[in-house]
Each structure stands twice: as structure tokens, then as C-alpha cells.
Amino acid sequence: MTADKKINLVMDYDGTLHDSRAIYEPAFRRAMLDIEKSGWIEHKEYTSEEIVYWVGFSAREMWLRFHPELSEEQRNYASKLIGSYMREALENGMARLYPGTEETMDTLSHSYRLIFLSNCDRGYMEAHKKIFGLDRWFEAFYCTGDYDYAPKEEIFSKYIFEEGNVYVAVGDRIKDITLAKSSGIRGVGCLYGFGSKEELSGADILIEDVSELSQALEELKKF
């Protein structure tokens, strides 16, 4: 990756910059209690690890995998329920970025073009933009919900990629590494997020803290 071209960072959000455990886990637990009371599913106690496993999936894919026996209407309702509880938690000040995120993003925004690409809907994205001032860092925003939850690599190839530019994908789940591999670009795997080391093994470089991202990008420029 040459250093003389402008580099575009295609960055995931939940699990990469935003520690979504703080709002997703309580929202998930509340929603599951509501759904259990409806009689759609049996009661189960979930571990934190079982819950955050789903961070990074689109709502549609999550419910198709999690409870495929539910009807489409039930899955849509369950998805909206978690979303509403997450927005409530967000409005109550429960959301948080990973420590060091703001400092890292301040630094990166001076040297790179930052592109937001997340498996979320527009309402979620806009709420986070407002609360955390994400547009002070990102020059472009893409949420998969605007594209019927198409795969990230499809959105990248159709709406983000421009010939002559250099891109690096940054994220904590296999979907971010798949984006990099299928698009022929470099990928940074974030081990501090919600993906396993095995899941991120295809990344060109791994980091264990968001503060390591700047140095990791400098390392990639050498290749």
C-alpha cells in the first residue's frame, strides 16, 4: 500500500468505535422478556457473550439465524423492539465510545478520509451522529439499512469505491474482513470488539486497542 495516495478508511462502528455492549445488552434482555411473555419463544437466561455475539449482524440476518421459526412479522417486531430500547438507552446517556476513540479519530481525520459503513438503520446512525458528533470525523456515511441490508462489500463496490483511491477496511467482525478480501483492499481487525481472533484471522493486521489504529495504518503503508 503506497503512502503517496490519499487513503480512505472504511470504518465499522459498533464494536470498532462504539462499545455497543452498554446499550445492546440491556435492550436485548428487555426485548427478550417481552417476546417470551408473548408466548413466541421459551424463556432462557442469556450470557453476555451470547448476546454480544449478534453485534455486527444486520437486524434481519440476526433474527433469521437466532429464531428462524418466527414469522417475518414477528421477527420484524422483535427487531424494532430491540431498536427502540437501544434508542431509549442512547437518549438516557448510556452509550459510550471505547476509551481513546475520540483522540484516535481526531488524529486520523487529519490524514485520512474517513467513511462510516455500518450494519444499522438510518435512525440509529443519525442518533449517534448527533450524540457523538460523528460528522466531525467522517466525510461520508453509509448504513446497510438504506440498501435493504445488502452486504458491506456490495455497498462498497457500488456506492463507495472510486478508481484511483486507496482503501482500508477497519472492523471487528468477519463481515469487515470479507469486505476487504472480496474487494482487494487491506483490512484491519479489531480484537477488542466482538469478533474472535479466529474470525479476524484473515485481516492484514490486528489491533487490541483503538489507540493502536494509527500505528497499524503506518505499518500497512510499508507493504
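So, how was this worked out
- Residues numbered from 1 in each chain as written.
- Predicted model: local features only at pLDDT ≥ 70, side-chain atom pairs only at ≥ 80, totals over all residues.
- Heavy atoms only, no water.
- Helix = DSSP H or I, 4+ residues; strand = E, 2+ residues; numbered from the N terminus.
- Rg over C-alpha atoms; globule rule 2.2 N^0.38 Å.
- Buried < 20%, exposed > 50% of the residue type's maximum accessible area, 1.4 Å probe, protein only.
- Contact = heavy atoms within 4.5 Å.
- Areas by Shrake-Rupley, 256 points an atom, 1.4 Å probe, with all protein chains shown as cover.
- Lys, Arg positive; Asp, Glu negative; His and termini not counted.
- Charge placed at Lys NZ, Arg CZ, Asp CG, Glu CD.
- 1 Å grid on protein atoms, 1.4 Å probe; cavity = no way out; pocket = protein on both sides within 12 Å on 5 of 7 lines; lining within 4 Å.
- Points joined across faces, edges and corners; volume = space filled by probe spheres on them.
- Nonpolar A, V, L, I, M, F, W, Y, C, P; charged D, E, K, R; others polar.
- Pairing = 2+ DSSP bridges.
- Axes fitted to C-alpha atoms, helices over the stretch in contact; angles between N-to-C directions.
- Phe/Tyr/Trp six-rings, centres within 6.5 Å; stacked < 30°, edge-to-face > 60°.
- Lys NZ or Arg CZ within 6 Å of the ring centre and 35° of its normal.
- Parallel < 35°, antiparallel > 145°, perpendicular 65-115°, else oblique.
- Left-handed = near helix turned anticlockwise from the far one by under 90°.

Draft legend 1. Structural detail: the overall build of the chain. For the chain, the helix and strand inventory stands at 9 helices and 6 strands. In summary, the chain has a C-alpha radius of gyration of 18 Å against a globular reference of 17 Å for 223 residues, a match within 12%. In terms of overall dimensions, the chain has a C-alpha envelope of 60 × 35 × 30 Å along the principal axes. With 223 residues in all, the chain has 51% of them scored as buried. Of the contacts made within the chain by residues no fewer than 6 positions apart, 66% connect residues no fewer than 24 positions apart. Of the accessible surface of the chain, which amounts to about 10800 Å², a share of 48% is contributed by carbon and sulfur atoms. Side-chain charges of the chain comprise 27 positive and 40 negative groups, with the mean position of each set lying 2 Å from the other.

Draft legend 2. Spotlight on the layout of surface pockets. Looking at the largest pocket, its volume works out to about 710 Å³. The wall of the largest pocket is formed by 30 residues, among which Ser58, Ala59, Arg60, Ser79 and Tyr149 lie closest to the centre. Only α3 (59–66) and α4 (72–91) provide two or more residues apiece to the lining of the largest pocket. If one sorts the elements of the lining of the largest pocket by residue count, α4 sits on top with 10 residues. If you add up the space inside the second largest pocket, you get close to 180 Å³. Every residue along the wall of the second largest pocket is listed here: Ser58, Glu61, Asn119, Tyr149, Ala150, Pro151, Lys152, Glu153, Ile174, Lys175 and Thr178. Of all the secondary-structure elements, those providing two or more residues to the lining of the second largest pocket are α7 (152–160) and α8 (174–183). Looking at the lining of the second largest pocket, the element that brings in the most residues is α8, giving 3 residues. Within the lining of the second largest pocket, the residues separate by chemical class into 4 nonpolar, 3 polar and 4 charged.

Draft legend 3. Main features of the pairing of strand β1 (residues 7–11). The buried fraction of β1 amounts to 5 of the 5 residues, a majority that puts the element mostly inside the structure. Residues Ile7, Leu9 and Met11 point to one face of β1 and Asn8 and Val10 to the other, with burial holding for every one of them. The sheet contact formed by β1 and strand β4 (residues 166–171) spans 5 bridges and is parallel. Across the sheet, Leu9 pairs through a bridge with Val168, a residue of β4. One ladder, built from 4 bridges, connects β1 with strand β2 (residues 113–118); its direction is parallel. Bridge pairing in β2 places Val10 opposite Ile115.

Draft legend 4. The sheet that holds β4, seen in detail. With parallel pairing, 6 strands are arranged side by side in an open sheet as β3-β2-β1-β4-β5-β6. If you trace the sheet from one side to the other, it starts and ends with β3 (138–143) and β6 (205–207), each paired once. Each adjacent strand pair in this sheet contributes to an overall mean axis angle of 20 degrees, direction not counted. Seen against the sheet, helix α6 (residues 122–132) touches β2 and β3 and runs at an angle of roughly 155 degrees to β3. Seen against the sheet, α8 touches β1, β2, β4 and β5 (186–190) and runs at an angle of roughly 160 degrees to β4.

Draft legend 5. Molecular detail of the packing of aromatic side chains. Throughout the structure, instances matching the rule amount to 19 aromatic pairs. Three or more aromatic residues joined by ring pairs form one cluster here, namely Tyr24, Phe28, Tyr46, Tyr53, Trp54, Phe57, Trp63 and Phe66. Cation over ring: Lys129 sits above Phe141, and NZ or CZ is 4.3 Å from the ring centre. The positively charged end of Arg173 is found above the aromatic ring belonging to Tyr53, 5.4 Å away from the centroid.

Draft legend 6. Here's a closer look at the packing of α7 against α8. Packing of α7 against α8 brings their axes to within 8 Å, and their N-to-C directions diverge by 45 degrees. When the axes of α7 and α8 are compared, the pair comes out oblique. Between α7 and α8 lies a crossing whose hand is right-handed. Judged by residue contacts, Lys152, Glu153 and Phe156 of α7 engage Lys175, Asp176, Thr178, Leu179, Ser182 and Ser183 from α8. Among the residues making up the contact of α7 with α8, the classes are represented as 2 nonpolar, 3 polar and 4 charged.

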